[in-house]
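# Understanding the architecture of this molecule
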There are 4 protein chains.
Amino acid sequence: MNAKTEAIHLLDPGLLSKRFASVRSHSQARAESLSEEDCCAQSMEDASPVKWHLAHTTWFFETFILERFEHAFHAFDPAFRVLFNSYYNGVGDKYARPFRGLLTRPSLREIQAYRHDVDRRMQQLLAPDYLFRLPSEQREALMTLLELGLQHEQQHQELMMTDVLHLFSCNPLQPAYTRMPPQRSVDLELHWQAFDAGVVTIGSEGGFSFDNELPRHRQFVEAYQLASRLVTNGEYLAFMEDGGYRRPELWMSEGWSWVQAQALQHPLYWQDVHASTGKAFGHEADGWHVFGLHGLQKLDPNAAVSQISWFEADAYARWANARLPTEAEWEHAAYQTMQSDESVLTQLFGVCWQWTSSSYAPYPGFTAAAGALGEYNGKFMSNQYVLRGSSCVTPDGHSRRSYRNFFPSTARWQFAGIRLARSGHWSV
Amino acid sequence: MNAKTEAIHLLDPGLLSKRFASVRSHSQARAESLSEEDCCAQSMEDASPVKWHLAHTTWFFETFILERFEHAFHAFDPAFRVLFNSYYNGVGDKYARPFRGLLTRPSLREIQAYRHDVDRRMQQLLAPDYLFRLPSEQREALMTLLELGLQHEQQHQELMMTDVLHLFSCNPLQPAYTRMPPQRSVDLELHWQAFDAGVVTIGSEGGFSFDNELPRHRQFVEAYQLASRLVTNGEYLAFMEDGGYRRPELWMSEGWSWVQAQALQHPLYWQDVHASTGKAFGHEADGWHVFGLHGLQKLDPNAAVSQISWFEADAYARWANARLPTEAEWEHAAYQTMQSDESVLTQLFGVCWQWTSSSYAPYPGFTAAAGALGEYNGKFMSNQYVLRGSSCVTPDGHSRRSYRNFFPSTARWQFAGIRLARSGHWSV
Amino acid sequence: MNAKTEAIHLLDPGLLSKRFASVRSHSQARAESLSEEDCCAQSMEDASPVKWHLAHTTWFFETFILERFEHAFHAFDPAFRVLFNSYYNGVGDKYARPFRGLLTRPSLREIQAYRHDVDRRMQQLLAPDYLFRLPSEQREALMTLLELGLQHEQQHQELMMTDVLHLFSCNPLQPAYTRMPPQRSVDLELHWQAFDAGVVTIGSEGGFSFDNELPRHRQFVEAYQLASRLVTNGEYLAFMEDGGYRRPELWMSEGWSWVQAQALQHPLYWQDVHASTGKAFGHEADGWHVFGLHGLQKLDPNAAVSQISWFEADAYARWANARLPTEAEWEHAAYQTMQSDESVLTQLFGVCWQWTSSSYAPYPGFTAAAGALGEYNGKFMSNQYVLRGSSCVTPDGHSRRSYRNFFPSTARWQFAGIRLARSGHWSV
Amino acid sequence: MNAKTEAIHLLDPGLLSKRFASVRSHSQARAESLSEEDCCAQSMEDASPVKWHLAHTTWFFETFILERFEHAFHAFDPAFRVLFNSYYNGVGDKYARPFRGLLTRPSLREIQAYRHDVDRRMQQLLAPDYLFRLPSEQREALMTLLELGLQHEQQHQELMMTDVLHLFSCNPLQPAYTRMPPQRSVDLELHWQAFDAGVVTIGSEGGFSFDNELPRHRQFVEAYQLASRLVTNGEYLAFMEDGGYRRPELWMSEGWSWVQAQALQHPLYWQDVHASTGKAFGHEADGWHVFGLHGLQKLDPNAAVSQISWFEADAYARWANARLPTEAEWEHAAYQTMQSDESVLTQLFGVCWQWTSSSYAPYPGFTAAAGALGEYNGKFMSNQYVLRGSSCVTPDGHSRRSYRNFFPSTARWQFAGIRLARSGHWSV
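Residues numbered from 1 in each chain as written. Chains lettered and ligands numbered in written order. Predicted model: local features only at pLDDT ≥ 70, side-chain atom pairs only at ≥ 80, totals over all residues. Heavy atoms only, no water.

If you check an unreviewed UniProt entry, chain A appears there as Ergothioneine biosynthesis protein EgtB from Oxalicibacterium faecigallinarum. UniProt, in the comment section headed Pathway (unreviewed entry), describes chain A in these words: "Amino-acid biosynthesis; ergothioneine biosynthesis." (UniProt positions renumbered as here; feature names shortened; annotations may be inferred.)

This is the structure in structure tokens:
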């Protein structure tokens, strides 16, 4: 963990305390419309219960900050130290991931008590009279860990949404997470934006970053073009109607085997609702629908296609005579877009994460932190692909150009979509 | 379903209504100490959530009685007709069993509303002015189905306990279902009771029975002996300490492969607690414990060994130079015991179900009922073994000599134990 | 092993030696038309390579007879003691069953040298001057083991055929084991033969038997009827055309899950050949064919349906308003048939093994032999069903009324078919 | 397929014909010491039988050259067109890969007849009077395909060795492929060779290449160092003895799960031979041995460690405070080594393939060929890692700096080892 914490250093402690309270309460807010039962269930091995997310993020502060900085530290509950350890082998035993949904005890209420207790004790550490009595090295360490803990909690805020959506998708009642009506999408024209060949510099530009965004370094990119917007549901439907899921030549060999083994025919949350099947559950019976936070909605052709795996994104790109961008291409283009007066690339942030063709790997010169926090990122750098940007469920203030999200090529339940790329200076 | 309903026929309707209310409220009573979260989770494919048991038993009355006998029937919720169908292919679609734990909606409260609504409507049917206006054939049919529904609910009352116990056993906190202290066991001496060879008659003796207990028929049994009591934890421990789980010659070939593949070394709920591992979860650190409805308790050597699979029961019996009884031997002995003044066989009912060596198969002349209710029993008559007696979680009034319980040879989470048998007239 | 060897005792040693040579050379004869490659491959875990059968049967004589009775015994090759041990845990290590097809070394020729060496040494033991110098107890033991070894080899002779047929069925070239033309079947009328209720005696009647046929004992059978002949391909086709593989009400619950998971639609070796798919492999293109020892042949409607699993046999019987016989019913009927002047039951032996409804279980009073030979039968007595009779590939002299063959309910590659039964004295 | 064929163009046809004959006969030579049984078996899904390799490489010439260029083409056997198609979806049906070991027919002799027939017909096409009568575009196409077919056959020559070695490793007899004694290794000192940061150009330099080596393009590499030689068995043993397979912090998270699930403790072909277990199979009983083409040999501490997966290579590198090189680093260093007078990097070719940290991905501007040959490489560009160099079983003339071999991160049976890298200009 190489968090840069300069920005925070300049803040007065009152702001630290407010920021802590704000991030923490946002997790609670996201769980507000959910029942105790909703918060307890786990719909697949890759997902976790909302209650577990609420507890694990709390465990992070307890384990990495309170235990180190609190006078006369005592665990809120020794059992929680094992139950809510996610994957840090360096921190001791952990409860097996696939069974997180079986933890009906501790109850959601007990987890909330755990959150309140840790919040209270964290605020004591962040109080000026405590903080400024610490030796400066200690204080810096605390603030670095604090920022990491908050960023970590924000990551889990996104996962709470992806995981509860998956849970609801397994329920024939298809409950809506929110009663707010979905936003209407507009029809954006697609432009191709060209970028010259050359050496570009990527990686963290300063401020907080995760260790995987470091070190900042140079890469050579050949000339390329990026699509000005994301691929839409309507375009993806055209791919499907052109036999997209039935044509092996469009797929990676491994992806094709997977598509056949799973008999995939459409994105995870798409449903072709028919009169006969929809009736028992009260759905309208007229063609393609998409399940989302608003429940089951008629497919919006202008909305960006989402909840797409890398294999699907890659196949779509091949069908469209294009390809996925590399992460250097994406980051350089995002930088250029910010610099230019005319912002030619849209939907970089806040709609869907964008799959890249880049395998998740350490940057040249990468070194993981010592100890358990070194397990944060580096050990996942195999057989996963990088996604860039951010999504509609990424919390405010958690997006940046150098951010490297990553998932395996078969992950279908994230808010992940497609921005196309092309090599060379082709004319449109 | 060949339920004999004579006993009920003679009752006045007030008793019918009381019996219905009594059985139904007993299900609720068993769920009382559980949280909404406890009632929602499913710990393995073979188990179901408590909430699902509460709903499915209600679905049974709605589907097989209300839909047929109620004027102007309407489903409480059309979706429930699919969600809470267990395995009746003849009744339409059903929700996939392994995912029952994902049904966080409908909530436990909604299920309770469902129960109340169906209870209310059932009581209307059972009211004298309704019941006695029905043609007698209809009335008989209703009463037969009523009794079947109640017996069905009692079966699920037992499963609620076995399933919630399994769920709790997966939780490192090992919560206790009840705060009542466990009963102390006494040291019963073991006698062998001899029975002569001859033709015996087994099967339902009249009164209610499931279809699998019919027809009453003859079997020839060679001379045999039965143990007067069940195998104890202490005896089973001796088997383990004598290498029981490491000696292939004691096991069926298939059982041995299973023991090795699963690395089994003791019954499902036994734990050898050590200082090092028990600490985080607050357990005493002194040897063999058994997890049960009272939480984790020190092994009671005089208590009957329970939660044993058929493979384990069979291996234990071989180790003890004995064998499991056939179901005819068990039923004949139970009958003889009832007849005799000195009741030589104890623990026939109310402690543990007792594995037999009999594969679950139709009795000669067995015919399944027509329609969906014909799916009740017959279709499970392959690759399962019969258990006889009843257990400590079998509801009152749900035991009888001819009762045939059945589970696969690897089922480990039932209240199932061992009564030994021997062939011939050996002296003890 | 409780082999009765009286018959052999009376023979002069010359006959013993001849019988040994005759059984042993019959194994070789069955492999004659096969290439080294054919003899080496293993098509599934449940099958073994022909070469392995040839070696394992030899290992049996080497391990259980030569090692005990030969002066100055030395193993032909110490490695073979492990490689060709099948499942006798009591005899030491064994090579994992699923990988038998990887034993390209030792070569078929080396196995044949192994056979010749063991044959030569066995003949030395069977020479009169050796045999009659043995103490009589030793001589009896040797002759008992000899007979068991020969019966064991005959069992493997049948398996050689079932296993090579399965191997060939996996090859798109669908090679024929034999160039002989298949026999024409005749249209046999079906009669129902009635049998009265009563106590019958079953089990070995004397002469050689496997231990599982003992002890001879009594069973009560209620009145029943058996079909005079086996179910034909034509009848089975009618079941299929009536939706046999698509109607859950015809199947055991477990069988139905299996049929769906495997997408079964017909017996293992049936193929509905179409012009489009058959061409590349030179098949005629006209409907249902059956693959067998004669290669792919047009379905013969009068031939007995074969290579049927228990689940399929049971479903067919239910469709036909009948059931499978119990093994006591089958054996008693076979006995009655032999006694009567008019032999009303045909196809008892030599066509297909006949599935019974009886789970494979020990007879009352059964005891396994001491030591490794006790592993012969008893340890397989769980979750399998008994088949009675014998098949067209059972060697001459290996059939008897009390013979108990057994396979799991999903085994599809044996020469196993269906004889129907009914309860009661129904008129036809 | 973008094969550059200039070199061949300048040759006279006599050389073409000789080269064809030479490559083809080398395949036969590699199979010479193997029996028909050895050539037929398939030891795992990822491997193929030697016979299949011999047939498939022949199928390639028949399908892509003879069918297109031969007058009056007829297939040698229509069935072979399906049986020996590997993965070209564009060419029609194919026989399922996991069952290649079941093809005992056609026999090895028939496959050899197939080879001879296709060889004869290919030589007719390569005869000057045929070749020079073709329009030049046709001739170029033929020569391009010819070269591709030969390079393809050379790839399979390497796989024949890796696959037969795996087969032999599954046999407790552990047969040696060759009777030649293994070469003695010498103790090479390890140097770190430094390379400056800058833009490098990688990819095919002209002459034949596979499509995945194109287009030649620029990459930026930061300063780095490479080890002068490969990691040795002795060094790898030190890693093991330091707990290499027991320390999660050394492994990728996914690799650690795999190591635990498979209980890995050493490289695939390493065996710690003990007196007790080795005896039956005649092995000496003294510590670590390595199975290879020479059979089971005592571990040679100076020899390069081989048959290592990417996960193991990556964990070893982390343990050694180093990392794996990127493919650009490797290729640039190989180029520099060739240019320099003092060849500081040794073992680039002919010992073991060297794992890189680079995921197998298309070069910028990569385009796959049209039609079935476009399936050659591109569709495998997901979740695999690039290996560079060549191995001791790579055929002569099949190595080049730009060559990109690739396997999944769990592949353990290839001749694949480790060359370490470091970032920056560290002093040694």
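## A closer look at the pairing of strand β9 (residues 385-388) of chain D
Residue and element names in this part refer to chain D. Across the two faces of β9 the burial is the same, with Tyr385 and Leu387 and Val386 and Arg388 all buried. Here strand β8 (residues 353-359) pairs with β9 via three bridges, running antiparallel. Looking across to β9, one finds that Ser359 is bridged to Tyr385. Bridge count for β9 against strand β10 (residues 405-407) is three bridges, and the pairing is antiparallel. Among the inter-strand pairings, Leu387 is bridged to a residue of β10, identified as Asn405. (Buried < 20%, exposed > 50% of the residue type's maximum accessible area, 1.4 Å probe, protein only. Helix = DSSP H or I, 4+ residues; strand = E, 2+ residues; numbered from the N terminus. Pairing = 2+ DSSP bridges.)

## Focus on the interface of chain C and chain B
Contacts between the two partners involve 28 residues from chain C, matched on the other side by 28 residues from chain B. In this assembly, chain C packs against chain B so that about 2,300 Å² is buried in total across both faces, 51% of it on carbon and sulfur atoms. When the buried area of chain C at its contact with chain B is split by residue, Arg218, Phe220 and Asn383 of chain C rank highest and sum to 26% of it. Along the contact surface separating chain C from chain B lie two salt bridges. (Contact = heavy atoms within 4.5 Å. Buried area = accessible area lost by both parts, 1.4 Å probe. Salt bridge = Lys/Arg side-chain N within 4 Å of Asp/Glu carboxyl O.)

## Description of the domain arrangement of chain A
Residues and elements named next belong to chain A. The domain architecture assigned to chain A consists of domain 1 (6-169) and domain 2 (177-428). Relative placement of domain 1 and domain 2: their C-alpha centres are 28 Å apart. In this assembly, domain 1 packs against domain 2 so that about 2,600 Å² is buried in total across both faces, 65% of it on carbon and sulfur atoms. Sorting the residues of domain 1 by area buried against domain 2 places Gln151, Glu158 and Leu165 first, and these three jointly supply 24% of that buried surface. Between the two partners, domain 1 and domain 2, sit zero salt bridges. In terms of residues, the side of domain 1 that touches domain 2 owes the most to one element, helix α8 (residues 136-169), which gives 18 residues. (Domains from an automatic or database assignment.)

## Observations concerning the packing of aromatic side chains
Tallied over the entire structure, the rule returns 116 aromatic pairs over all chains. Plain terms: the ring middles of Phe20 of chain A and Phe61 of chain A are 5.2 Å apart, the flat faces sit at 80° to each other, and that makes the pair edge-to-face. With Phe20 of chain A in helix α2 (residues 13-31) and Phe61 of chain A in helix α4 (residues 50-69), this pair connects stretches of sequence that are 41 residues apart. Judged on exposure class, the residue Phe20 of chain A and its partner Phe61 of chain A are both buried. Each ring, one from Phe195 of chain A and one from Tyr224 of chain A, has its centre 4.9 Å from the other, and the planes form 20°; the classification is stacked. In this pair, Phe195 of chain A is assigned in strand β1 (residues 192-195) and Tyr224 of chain A in strand β4 (residues 224-227), connecting sequence segments 29 residues apart. In terms of burial, Phe195 of chain A and Tyr224 of chain A fall into one category: buried. Through a chain of ring-to-ring contacts, three or more aromatic side chains come together here, namely Tyr236, Phe239, Tyr245, Trp251, Trp270, Trp288, Tyr316 and Trp319 of chain A. It is Arg422 of chain C that lies over the ring of Trp192 of chain C; its NZ or CZ is 3.9 Å from the centre. (Phe/Tyr/Trp six-rings, centres within 6.5 Å; stacked < 30°, edge-to-face > 60°. Lys NZ or Arg CZ within 6 Å of the ring centre and 35° of its normal.)

## Some details on the pattern of salt bridges
Think of it this way: side chains of opposite charge can pair up when their charged atoms draw near. Counted according to the given criterion, the structure contains 93 salt bridges over all chains. A salt bridge links Arg229 of chain C to Glu235 of chain C, with the nearest nitrogen and oxygen atoms 3.0 Å apart. The salt bridge partner of Asp117 of chain D is Arg121 of chain D, with a shortest N-O separation of 2.7 Å. Note that Asp117 of chain D and Arg121 of chain D are positioned in helix α6 (residues 108-126) at a spacing of four residues, about one turn of the helix. A residue is classified by how much of its surface remains accessible, and Arg121 of chain D, at 3% relative accessible area, is buried. Look at the salt bridges and you will find they share partners, linking Arg24, Arg115, Asp119 and Glu153 of chain A into a network.

## Points about the relation of the copies chain B and chain A
For these two chains of identical sequence, chain B goes onto chain A by a turn of 180° and a shift of 0.0 Å along the axis, with RMSD 0.0 Å. Interpreted geometrically, this transformation is the action of a two-fold axis. Of every C-alpha in chain B, the one belonging to Glu37 of chain B sits nearest the axis of rotation, 2.5 Å from it. Mapped onto chain A, 100% of the interface residues of chain B are again interface residues, and the two copies thus contact each other with one and the same surface. (Least-squares fit on C-alpha atoms with pLDDT ≥ 70 in both.)

## Focus on the arrangement of the chains
Looking at chain A next to chain C, you find no contact at all, with the nearest C-alpha pair sitting 13 Å apart. In this structure chain B stays clear of chain D, and the shortest span between their C-alpha atoms is 13 Å.

## Considerations on the environment of Leu15 of chain D
Mapping Leu15 of chain D onto the fold places it in helix α2 (residues 13-31). Overall, Leu15 of chain D belongs to the partly exposed group, its relative accessible area being 36%.

## Considering the sheet that holds strand β9 (residues 385-388) of chain C
Residue and element names in this part refer to chain C. Pairing is mixed in the open sheet, where four strands are placed in the order β10-β9-β8-β11. If you trace the sheet from one side to the other, it starts and ends with β10 (405-407) and β11 (416-417), each paired once. Where strand β8 (residues 353-359) meets β11, two bridges bridge the pair, whose relative direction is parallel. Bridged to Trp353 within β11 is Ala416.

## Regarding the relation of the copies chain C and chain B
For the pair chain C and chain B, the best superposition has an RMSD of 0.0 Å and corresponds to a rotation of 180° with a translation of 0.0 Å parallel to the axis. In this assembly the copies share their binding face: 100% of the residues contributing to the interface of chain C also contribute to that of chain B.

## Things to note about the sheet that holds β1 of chain A
Residues and elements named next belong to chain A. Read across the open sheet, the three strands follow the order β1-β4-β12; overall the sheet is antiparallel. If you trace the sheet from one side to the other, it starts and ends with β1 and β12 (421-423), each paired once. Put simply, the sheet's adjacent strands are angled 25° from each other on average, direction ignored. Of the strand pairs in this sheet, β4 and β12 are connected by three bridges, and their pairing is antiparallel. Looking at the pairing, Gln225 lines up with Arg422 of β12. (Axes fitted to C-alpha atoms, helices over the stretch in contact; angles between N-to-C directions.)

## Section: the environment of Leu296 of chain A
Take Leu296 of chain A: it is sitting in strand β7 (residues 295-298). For Leu296 of chain A and Leu250 of chain A, which are 46 residues apart along the polypeptide, the C-alpha to C-alpha distance reads 29 Å.

## Some words on the interface of chain B and chain A
Listed as interface residues are 32 residues of chain B and, on the opposing side, 32 residues of chain A. Between chain B and chain A lies a buried interface of about 2,500 Å² when both sides are counted; carbon and sulfur atoms form 60% of it. Taken together, the connections running from chain B to chain A amount to four salt bridges. Its salt-bridge partner being Glu37 of chain B, residue Lys51 of chain A comes within 2.4 Å of it at the nearest N-O pair.

## Description of the environment of Leu66 of chain A
All names here are of chain A. Inspection of the secondary structure puts Leu66 in helix α4. According to the relative accessible area criterion, Leu66 is buried, its value standing at 0%. Separated by 341 residues in the primary sequence, Leu66 and Phe407 have C-alpha atoms spaced 31 Å apart. Setting aside its immediate chain neighbours within four residues, Leu66 contacts Phe61, Phe73, Val118, Arg121, Met122 and Leu125.

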